[in-house]
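Observations on chain architecture
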Amino acid sequence: MLRAAYLLLLILLTAWLGLRLGSGQAIETDLTALLPADASLSATEQQAIARNDIALNRQIILLVGADTPQHAMQTAAAIAQQWRDSGLFSTVRESIQPDLAQLENELATLNLALLPETTRQQLMHQPAAFFAQRAAEITNPFAASFIAPDRDWLGFSTQALSALHFSDTIQRDPTSGMLLLHEENMTWVLLNATLPEDNGIINAPPELLPLLHAGENFARSQQAQTLMTGGAIFAAEGRAAGERESRIMSTAGMVLTTLLLLSVFKSLRFLSLFVPLAAGLLMGMAATVAWFGQIHILTLVIGTSLVGVLIDFPLHWLSKAVAPDWRAEPAMRRIVPTFVISLLITVSGYLVLLVTPLPILRQSAIFSATSLFGAFLCTVLILPLFFRTTQVTVSPLFLRGVNALFESCFRLKKSLLRPVVLLSFVLILLFGLWRGNWQDDIRDWISTPQAWLQQALAIGQKTDMMPAGQFLLIEGDDSDALVRTHRQVASALDTLQAAGTLDGYLALNRWIAPQAQQQQTRQALLALSDRPDTWQALRDVGIPDAAIREALHTAAARPLLSLEDSLHTAPAEPYRALWLGTSSSGQALSMVRLFGVHDTAALSAMSEKMPDVHFIDQRARLNHLFHDTRDEAIVLKLASYLFAFVLLAYFFKASGSLKILSVPIFAAAMTLAVLGIIGETVTLFSVFGLLLVTAIGVDYAVYANSAHIGRIEKRCGITLSALTTMISFSLLALSSTPAIAGFGMSVALGVLFNALWTAWLFDTRPIPR
């Protein structure tokens, strides 16, 4: 009955998981989904960070360069059409061709709010100088403007348009509308594409990278160059690398494990050992998707390392086949109590990770714990059916090799017990622990391809806009309060920029004036309408008093413009992303984008002096959070030792419990020492690996301490389990992602030392010849 229920469960899980995977919503690739929530941040700050991340991750920037402007523009237009035809983007913009009539109307609405501060001061304090300058502009035959003077006598719309120009390197081609960057022997065209947003989620489609590479190849065929950057590109590259590594590592792990088992058991029937592996991975993936709604691609990469762990149960069971009277089901009944103890310890080691703030660790905990439980059930309920009528034979060569290996360990142990050797060993151990480099960096979470990184840096240098990982968050009671604060912040940032703290910034003060200043300007204009002497320069060039007075009255009568209303216009596009909307508490939110930050401490100190300004440094904040989480993981590790001691003491008494726990403690210390000696950084993922090392060490020690299992059987079981596990995690140590590679290395080393210390403690004498 239990066996039938288990098989039915596997069938239902397979069907349900197939439907979820088929919908395309089960696998998460967004790296920001791995980042923990920071309790030290307010809800407003977290909301602002999320909105900023979405805005940045939607954008893809492309520069197309060629030897002539015409060549560059033709190539850029062709690539833009390719992107548009792909259907991957919500917008693709290679040129700016505004509706001039609409733009003129919008500038007329905006001009009072967009006047430069110098113009406002002139109107209030030096009006005659302002009108003289305007008269010179009207009579200057080389002063180009698409707005006729008789529709803009005061020049406010023309000044507002010129004030919107915030890049000295990017110029708009008047004929094509394309944005050009001119270098000595190269002209670059700037393109911008935006990915669609689905309920706040930006998923880089699988077709994105092939489309981008097609654009690169097309440009190359046209003797042109391309530079691209965007958060979606790095996310897509990370997903592709993760899927590629997952396939390679799982395939390599399966092949190497298969070759090992084939050499040991000399029969293809051992392939049935992979049935518990498949069942475990199926249950683990289904449980993770059911618990979290999705499973992240990095969780799957880490999950491939479970190949060696999940096969431990079948290997311990089959290792008893060295006994001549081995039978499948009786052998399983005898070893199940040992399996249960190991399962409880191992699963508890995973489940303690559920209290960590990192989604990747919580997902891995559910995935691994459920996979182990599923593999255990399959081993106990299903696997004996494959061997009911079969006598398993273990290769004599393997048996001789295992015995030779353990005999070598026995001799090594005798050598280490010599005082001089033991002292040297302890000193080396302490040196490695002292030399350990404990550090966490968000950049270790992904493998950033140098080619894409170099392109991003090149675009930043060419456009003079190198977006930093930091920004300023500004709160206000309303949008007008935000604009006033932006003016104060801009003044402070100008000082810091002059001191070399940052290369530049983009703030709303360059867009719109506070409503109080707009009202002052209106009053100044009304006052000037009654002072014809100030317009004498315009009179002198033939402009009638009535026209000037009407222009002043019209401008003064325009309504005060709010930030929200102004951002709905076409000229506001460069500043629209700075507006973050309203928080859940009703506060208006905006940001100041920073470029080329060189001194975060100065920016942090500046923000602390302004109550409504917050300096957001996500990289530093996350690194600090990882450091705290790593410390929490160490505490959890110690707590798991305590739990394991109590549980083991129930079965093996206190002395036996301490002896068993000494195995993972020794393995963890030796692993940290080796990492220190070879100069590998100890990260949060390394500590996570040591949690797994603890569970595996207890598993080996419990198995070796079982009285009903013969010594040669124990040796075979531990050796096979260690080899298969080390195969999986050694492959993981080759990952291009530093965090995953560190995780794999720490577990592979830990398993090696677990097996070694288990042999020294529980296999205390050689087998007589």
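Residues numbered from 1 in each chain as written. Predicted model: local features only at pLDDT ≥ 70, side-chain atom pairs only at ≥ 80, totals over all residues. Heavy atoms only, no water.

Here strand β12 (residues 579-582) pairs with strand β13 (residues 588-597) via three bridges, running antiparallel. Bridging across to β13, glycine 581 finds its partner in leucine 589. (Pairing = 2+ DSSP bridges. Helix = DSSP H or I, 4+ residues; strand = E, 2+ residues; numbered from the N terminus.)

What follows is about a negative patch on the surface. A surface patch of negative charge is lined by Asp477, Asp478, Glu564, Asp565 and Asp612. As for its position among the elements, aspartate 478 is in the loop between β10 (467-476) and α20 (479-498). Among the residues examined, aspartate 478 registers a relative accessible area of 39% and is labelled partly exposed. (Patch = residues over 30% accessible without salt bridge, like charges linked within 9 Å, V, L, I, M, F, W, Y side chains within 5 Å. Areas by Shrake-Rupley, 256 points an atom, 1.4 Å probe, with all protein chains shown as cover. Salt bridge = Lys/Arg side-chain N within 4 Å of Asp/Glu carboxyl O. Lys, Arg positive; Asp, Glu negative; His and termini not counted. Charge placed at Lys NZ, Arg CZ, Asp CG, Glu CD. Buried < 20%, exposed > 50% of the residue type's maximum accessible area, 1.4 Å probe, protein only.)

Our focus in this paragraph is the packing of helix α5 (residues 117-125) against helix α6 (residues 127-139). The geometry of α5 relative to α6 is characterised by a closest axis approach of 5 Å and an angle of 120° between their N-to-C directions. In terms of orientation, α5 and α6 fall into the oblique class. Each of Thr119, Gln122, Leu123 and His125 in α5 lies in contact with α6, whose residues at this interface are Pro127, Ala129, Phe130 and Gln133. Taken together, the residues of the contact of α5 with α6 break down into four nonpolar, four polar and no charged. (Axes fitted to C-alpha atoms, helices over the stretch in contact; angles between N-to-C directions. Parallel < 35°, antiparallel > 145°, perpendicular 65-115°, else oblique. Contact = heavy atoms within 4.5 Å. Nonpolar A, V, L, I, M, F, W, Y, C, P; charged D, E, K, R; others polar.)

Let's shift gears to the packing of aromatic side chains. Within this structure, the stated rule accounts for eight aromatic pairs. Measuring from ring centre to ring centre gives 6.4 Å for phenylalanine 666 and phenylalanine 753, while their planes differ by 90°; the resulting arrangement is edge-to-face. On the criterion of sequence distance, the pair formed by phenylalanine 666 in helix α27 (residues 618-678) and phenylalanine 753 in helix α30 (residues 738-762) is long-range, its members being 87 residues apart. No difference in accessibility class separates phenylalanine 666 from phenylalanine 753, as the two residues are buried. An aromatic cluster is present here, built from Phe666, Phe753 and Trp757 joined pairwise through their rings. (Phe/Tyr/Trp six-rings, centres within 6.5 Å; stacked < 30°, edge-to-face > 60°.)

The first and last C-alpha atoms of helix α1 (residues 2-22) sit 30 Å apart over 21 residues, in line with the 30 Å expected at 1.5 Å per residue. All of the buried residues in α1 are Tyr6, Leu10, Leu13 and Leu17. All buried residues of α1 project into a common sector of 70° when viewed along the axis, lining one side. Exposed residues pointing more than 90 degrees away from the buried face of α1 are listed as Ile11, Leu12, Leu19 and Gly22. If you follow the buried residues of α1, they end up packed against α10 (274-292) and α15 (359-381). (Expected span 1.5 Å × (residues − 1). Arc of directions from axis to C-beta.)

With that settled, the discussion passes to the packing of α20 against helix α26 (residues 600-608). Between two packed helices, both the angle of their axes relative to each other and the distance between the axes serve to describe the pair. Interhelical geometry of α20 versus α26 gives an angle of 155° and a closest axis separation of 11 Å. Taken together, the axis directions place α20 and α26 in an arrangement best described as roughly antiparallel. Handedness of the crossing formed by α20 with α26: right-handed. Within the contact between the two elements, α20 uses Val489, Ala492, Leu493 and Leu496 and α26 uses Ala602, Leu603 and Met606. (Left-handed = near helix turned anticlockwise from the far one by under 90°.)

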